[in-house]
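Residues per chain, in single letters:
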Amino acid sequence: MPLPQEFHDIAARVNNWGRWGADDEIGTLNLITDEVVRAAAATVRSGRRVPLALPLRQDGVQTGMIPGRVNPLHTMTAINQEIFGPGTVATSDDAVTMGLQAATHWDGLTHVSHSGRLYNNRPADAVTAHAGATVLGIEKATPITSRGVLLDVARAHGTDLLPGGHAVTPEDLDAAEELAGTTVRAGDIVLVRTGQLRHYLAGDRQAYAFPSPGLSLRTPEWFHARDVAAVANDTLTFEIFPPEIEDLWMPVHALHLVEMGMLQGQNWALEELAAACAEEGRYGFFLSAMAEPFVGGSGTPVAPVAVL
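## Some details on the overall build of the protein chain
Scanning the protein chain for helices and strands turns up nine helices and 17 strands. Its C-alpha atoms give the protein chain a radius of gyration of 20 Å, within 12% of the compact-globule value 19 Å for 308 residues. Evaluated residue by residue, the protein chain yields a buried proportion of 52% over its 308 residues. Partitioning the intrachain contacts of the protein chain with sequence separation of at least 6 by distance along the chain shows that 77% fall at a separation of at least 24. In the structure as shown, the protein chain presents an accessible area of about 13300 Å², 53% of it carried by carbon and sulfur atoms. The average position of the 20 basic charges and that of the 36 acidic charges among the side chains of the protein chain differ by 5 Å.

Set out below in structure tokens:
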């Protein structure tokens, strides 16, 4: 199905092409300024550190629904090997084969394209078989440290887990922002909790994958209006799946990555963070979520940490 006029209308309203210059390759990460980072550091009070990454394991979240996105396959390449001769120090080494977006990850700006274009009006064929992303690669991402804000949409609805068909709306984000007692501001990284990860943590990968709550087509304008630097959530597909408009697949991906130049993250472990924020009565914190600099990558695994 061709992209409908509704999509193109939203795209025109959130488009950031040229905002930071014709050569820009990092999009909304430009919003994380030195001043933003200093303000983020000032949110640290207790020093409590909450990990937000899923373990990298062979029986991870991937079910085969997304072709080629394989869970990590861990292989030992050396086991207690005395490589410098008998009686010397022995070493063990290992290797991993995995999809860069297999577990907790950032989607890079070349992860999707539409109408033959990538962010900042770059051609989609700049992604090649041998070099990967020849522009806009994930290695271009600047250090991703900023204020994180948890928008606990599930809690705002008075539940631990949103139903699979729930499209998270701007009104949901407003309600979660009110619950958080803080205002999302320019340069923030927003984490949206749906509770969907509870299915995976309970051992049901299929229920985690499908059907899934997620971001609505109406939410990119909410993030754009607030100059959010990046968004992540606790689902496999990020946006509602199946889509809210029949046969319109991944429109939120296209609006975030192509039109806005905004990284988005999936499979973030937000349960412990939600409990910590509720316990401490605050939902803003210092967030470190550095992208692994895979040259030419269209995404990257990440091990984020929230510091309260």
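## Section: the nonpolar core
In terms of nonpolar packing, the biggest core is built from 40 residues, with Trp106, Leu150, Leu191, Trp268, Leu273 and Phe285 touching the most fellow members. Only β11 (189-193), β13 (230-233), α8 (251-260), α9 (271-280) and β15 (284-288) provide two or more residues apiece to this core. At four residues, the largest contribution of residues to this core is made by α9. In this structure, Val190, Phe238, Ala254 and Met260 belong to the second largest nonpolar core, which totals 28 residues.

## Things to note about the sheet that holds strand β1 (residues 49-51)
Pairing in this open sheet of nine strands is mixed, and the strands run β1-β17-β15-β9-β11-β13-β14-β4-β16 from one edge to the other. Among the strands making up the open sheet, the edge pair consists of β1 and β16 (299-301). Within the sheet, the average angular offset between the axes of one strand and its neighbour, ignoring direction, is 25 degrees. Bridge count for strand β9 (residues 145-152) against β15 is five bridges, and the pairing is antiparallel. By the bridge assignment, Gly148 is partnered in β15 with Phe285. Each of β9 and β11 touches helix α4 (residues 170-180); the most contacted strand, β9, lies at about 110 degrees to it.

## Concerning the confidence of the model for the protein chain
In the predicted model, the protein chain carries a mean pLDDT of 97, and 100% of its residues have values of at least 70. For the protein chain, helix α6 (residues 205-209) is the element with the lowest average pLDDT, namely 96, and β11 is the one with the highest, namely 99.

Here is what the cut-offs are and how they apply
Residues numbered from 1 in each chain as written. Predicted model: local features only at pLDDT ≥ 70, side-chain atom pairs only at ≥ 80, totals over all residues. Heavy atoms only, no water. Helix = DSSP H or I, 4+ residues; strand = E, 2+ residues; numbered from the N terminus. Rg over C-alpha atoms; globule rule 2.2 N^0.38 Å. Buried < 20%, exposed > 50% of the residue type's maximum accessible area, 1.4 Å probe, protein only. Contact = heavy atoms within 4.5 Å. Areas by Shrake-Rupley, 256 points an atom, 1.4 Å probe, with all protein chains shown as cover. Lys, Arg positive; Asp, Glu negative; His and termini not counted. Charge placed at Lys NZ, Arg CZ, Asp CG, Glu CD. Core = buried A, V, L, I, M, F, W, Y, C linked by side-chain atoms within 4.5 Å. Pairing = 2+ DSSP bridges. Axes fitted to C-alpha atoms, helices over the stretch in contact; angles between N-to-C directions. pLDDT = per-residue confidence, 0-100.

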